[in-house]
Number of protein chains: 2
Amino acid sequence: LVNIIDQYGEQAMHFDAAEARLSGRIARLKPSLVREILAAATRPGTISFAGGLPAADLMPPLPIDAVADPSLYQYGATEGEPAYREAVADWIGESGLEVAASQVLPLGGSQQGLDLAAKLLVDAATPILTEAPTYLAALQVFQLFGADIATVSVNAVGPDLDQLEQRLARHKPAAIYLVPTFQNPAGTCYDLAARRAVAALLDRHGTLLIEDDPYRAVSLDLENPPVPISALLRSAPWIYLGSFSKILWPGWRIGYLAARQDLMPHLIVLKQASDLHTQRPAQLAVSRWLRGGGRAEHVERLRAGYRLRRDAMQSALCRHFGDIAEWQVPPGGLFFWVRLRRHQATRQLLAQAMDKGVAFMPGEAFYPGPTPPREHLRLNYSHATPEQMERGVSILSALVRDGA
Amino acid sequence: LVNIIDQYGEQAMHFDAAEARLSGRIARLKPSLVREILAAATRPGTISFAGGLPAADLMPPLPIDAVADPSLYQYGATEGEPAYREAVADWIGESGLEVAASQVLPLGGSQQGLDLAAKLLVDAATPILTEAPTYLAALQVFQLFGADIATVSVNAVGPDLDQLEQRLARHKPAAIYLVPTFQNPAGTCYDLAARRAVAALLDRHGTLLIEDDPYRAVSLDLENPPVPISALLRSAPWIYLGSFSKILWPGWRIGYLAARQDLMPHLIVLKQASDLHTQRPAQLAVSRWLRGGGRAEHVERLRAGYRLRRDAMQSALCRHFGDIAEWQVPPGGLFFWVRLRRHQATRQLLAQAMDKGVAFMPGEAFYPGPTPPREHLRLNYSHATPEQMERGVSILSALVRDGA
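These lines cover the structure that appears in this document, whether it is placed above or below. (Residues numbered from 1 in each chain as written. Chains lettered and ligands numbered in written order. Predicted model: local features only at pLDDT ≥ 70, side-chain atom pairs only at ≥ 80, totals over all residues. Heavy atoms only, no water.)

Counting its regular elements, chain A contains 14 helices and 14 strands. Here chain A has a C-alpha radius of gyration of 21 Å; the compact-globule value for 404 residues is 22 Å, and the two agree. Restricting to contacts in chain A with at least 6 residues of sequence separation, those with at least 24 account for 74%. Just so you have it, chain A exposes about 14,100 Å², and 51% of that area is on carbon and sulfur atoms. If the 39 positive side-chain charges of chain A are averaged to one point and the 41 negative ones to another, these points end up 2 Å apart. (Helix = DSSP H or I, 4+ residues; strand = E, 2+ residues; numbered from the N terminus. Rg over C-alpha atoms; globule rule 2.2 N^0.38 Å. Contact = heavy atoms within 4.5 Å. Areas by Shrake-Rupley, 256 points an atom, 1.4 Å probe, with all protein chains shown as cover. Lys, Arg positive; Asp, Glu negative; His and termini not counted. Charge placed at Lys NZ, Arg CZ, Asp CG, Glu CD.)

Have a look at this one:
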C-alpha cells in the first residue's frame, strides 16, 4: 500500500506493450489511490471509513415480482421504460425541479451521467469549473476526457460568489460541476440564497450546470433540502444527475439524469452508443417502489438509521478529535470532513493507519490541483458499527497525536 | 420518415442552444437513421425485418432466485463477481480461447465493450481498420471518438488478405475491428485458414485486434464455429467482446470482454469511470445458467428455433427474390444480406416499403465512407412470423420490380 500511495499523483500507469498505441486518454489515467484504498479496506479485520457504502440493511426489499416478468427479457428503448421515466419525473418534481418524462433518461447509476456529460462537453483542454474539494470520480472522468479544471472554494452555505464570478469570467468554462446538497466530501448544503445567486451568475454567463444530487434523500436534519439549482435557472442549460444508490439496491445499478429538453437528443444518442439502454428490470423495480405505498415510511426509516450512525460517529469524534481537529456535523450525505488543526499530510497518516487496520480517504484526493490541501480526512459513517467507530477513531487520534 | 432518410449522412444534428459549447464529438454525431427506422418499425401493423431482436420466446427462464438475494443490494467490485468471471472464462474457453478469470470484465452488454475500446484507443484522427460492411454501432462509436476509419473487403470465408496487408502497412491502424463469426450484416464466418492468416498479419504488424463475437452461440449449420482469432495471436494485443444478448435476456444487459492481461488494468479503470460496475444480479443469473444443468439443451433448442425461422426466410426469398437478387444462406447470426442484381438505392426503396408497412435496414448504413454501396438490404429473420416473412418479402419484391 505504501508503494501505491507513493505512486499516486506521480506518473500515468506504466504500459508494457510498447507495440500497442493507446489513446491520449490513457496517459491521463492515474493509478487510482481510491481504488487501491478501497480494495485494501476490505481486508478482514480492517475498520473502513474509506468508502461510501450505503447501509444495505436499511434498504426496503426489492420487489422481486416486478423484475421477474418475462416481457423484460427483450431489448428495450434507449430512452427507457415509460413507467420509469414518468415515476422519476414525479420524484424529481418533489424536489421542486419540474421536468417532463421526456426529460428523464435512465442510467446505470449516476456515475454514467458524468461519462455522458463529459462526452457531451469535454474535448482536450476544455475548461470545466468544479468546487474544491469535490467528488473525486467526477474529477477522474473530466480529466480522462482532457478537461482543464479550475475550482471555486465553498464555505458552509455555498460557494465564494466573488470567486465564482471571477472564474466564470476568466475561464469561460464549458460547464460547472456542483454537488450543492450534502456535498461529497465536505457535507456542504447550499442554502436557498446561495442557490439563487449561483443560478443568476450561471444565467448571466450562459454556463451549463451539471448538478449532481445523489444525497438529497439522505437528508438528516432538514425535512426537505432547498430546491435544485437547475430549477432556478432561467436561460442557462443544465443537466441534473440523480441516483437511487443511497436508498435502493446500488448493486442493481440504477440512476437517472434529467436535462434541458434541447440537450436530450444528444444525451440519448450518447447513451445508445455507450450501452444501448439501461437494464429494464431495475427500472421496473424502482418504478414499483416509487409508485407503491410505504415510500415515505421507508425513507423515514432510512433517515433515522443514518441519523443514529452519524450521531455515533459525531460522539466518537468529539471524544477523540475535539482538541485536534475541526468539522461540521454533516446535515446529510454519508461523510464527515475533518480538518486537522496542526497541518499534517493525511496521505502519510493513511499508511500508518492501514498498518493498524483503519482506512479513511485522505483529503487531497478530492482536489484537482498539483498542490492540494493535505490536512483533511474524509470519514464515512454509514458502514462501520458504533464499536468500530469508537475503536477506529481512537486509533486515528493516537496516530495524529504521535505525529504532531 | 422520408425527411429522416433525406437528412441521413448530411449534417450533424442541429443544436439550437447557441450559448452552450458542446464537444467536437457532438458535431460528429449523425442523426441515427437506424434509431429512426427502428422506432418507425414498431408502428402497429408494420412487418419489421429492420432490427436485430433475438427471439425472446426461445430464451430459457431467468433464475429468479439467483437475482433475489439481498446480499446483491450492496455495491460490487468493478472487476465483477468472481462467480461470473470464472464461469465466463470457462464459457470463453469452450470456443478455444483460453483465458483466466482475471482477464474477464463484466459489461452492461457488449456495446459497452466498444465504448471502452474506443476510450482505450481512439483520439481524434486515430486510424482504425474495419470490415466493409461492418456493424453500424461500432462505426458510430469509433467515429464519435474521432477515428479515421479505413476498411477491408470481405468475401465468403474471410477478408481480402492482400488488401488487409496493404491497409495495415499504409494506415498503421491503432486497432482492427472484426466480427469474424456470422458477421453483422453479411453473415460471413471466417474459416480457420483465414483466421490463421489474419492472426499472422496482425502479429507481424503488431496491430491490436478488437474481436466482436456476439453470434457464436447462434451457430445454425456448424456444431462449433472456428476458434476466435484472438486465440491464434502470438504477440499482437487483443480485446475479445462477448454477449449473452442473443441467447439470454438482452433486456437485463449483460455481456463481457476478455483481453490480453496487460490491457486489463486500463480497461477496469475505464469501466469504473463509466459506471462503477455492472449490475450484480444479472451476473449471478448468467453464472447460474452457465453452471447449471440443461445448458446444452437450451442452446440446442434455441438453435433449432432459429434454424426454422432462417429457413422460412430463405424460402420466402427464393420465391420472391430468386431472379432479382443474390445472397448466401447465413450459417449463423440473425441476418440475411441481400444484394439486388440491378443496382438500386435501397434507402429510397425503404421509404416506399415503410409506406406499405415493411421495414428493413438499407445496406449503406453498414459502410463508413461517403459513397457506400447502395444495393444491399439487411433482413432480420428472427423477429417476424413465417406469414409476415412471406407477405413482407413479397411486398419488397414487388417494389423492387416496380423500380427496376
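Picking up after the structure, the text goes on.
Quick look at the packing of helix α12 (residues 295-321) of chain A against helix α14 (residues 386-403) of chain A now. All names here are of chain A. Running from N to C, α12 and α14 cross one another at 30 degrees; their axes reach a closest spacing of 9 Å. Regarding the angle of α12 to α14, the classification is roughly parallel. In the crossing of α12 with α14, the sense of the turn from one axis to the other is right-handed. Contact residues: R309, A312, M313, A316, L317, R319, H320 and F321 in α12; P386, M389, E390, V393, S394, L396, S397, V400 and R401 in α14. (Axes fitted to C-alpha atoms, helices over the stretch in contact; angles between N-to-C directions. Parallel < 35°, antiparallel > 145°, perpendicular 65-115°, else oblique. Left-handed = near helix turned anticlockwise from the far one by under 90°.)

So, about the side chain of Q283(B). Residues and elements named next belong to chain B. By secondary structure assignment, the location of Q283 is in helix α11 (residues 280-291). Look at Q283 and you get buried, because its relative accessible area is 1%. Apart from residues no more than four positions distant in its own chain, Q283 is found in contact with G80, E81, Y84, P106, I254 and T278. (Buried < 20%, exposed > 50% of the residue type's maximum accessible area, 1.4 Å probe, protein only.)

Attention now moves to the pattern of salt bridges. Residue and element names in this part refer to chain A. Within this structure, the stated rule accounts for 44 salt bridges over all chains. Between R309 and D57 there is a salt bridge; the shortest N-O distance is 2.8 Å. With R309 in helix α12 and D57 in the loop between β1 (47-48) and α4 (64-67), this pair connects stretches of sequence that are 252 residues apart. The salt bridge partner of R401 is D323, with a shortest N-O separation of 2.8 Å. (Salt bridge = Lys/Arg side-chain N within 4 Å of Asp/Glu carboxyl O.)

Attention now moves to the environment of A197(A). Counting through the fold element by element, A197(A) comes out in helix α9 (residues 192-205). Residues A197(A) and Q272(A) lie 75 residues apart in sequence; the distance between their C-alpha atoms is 36 Å.

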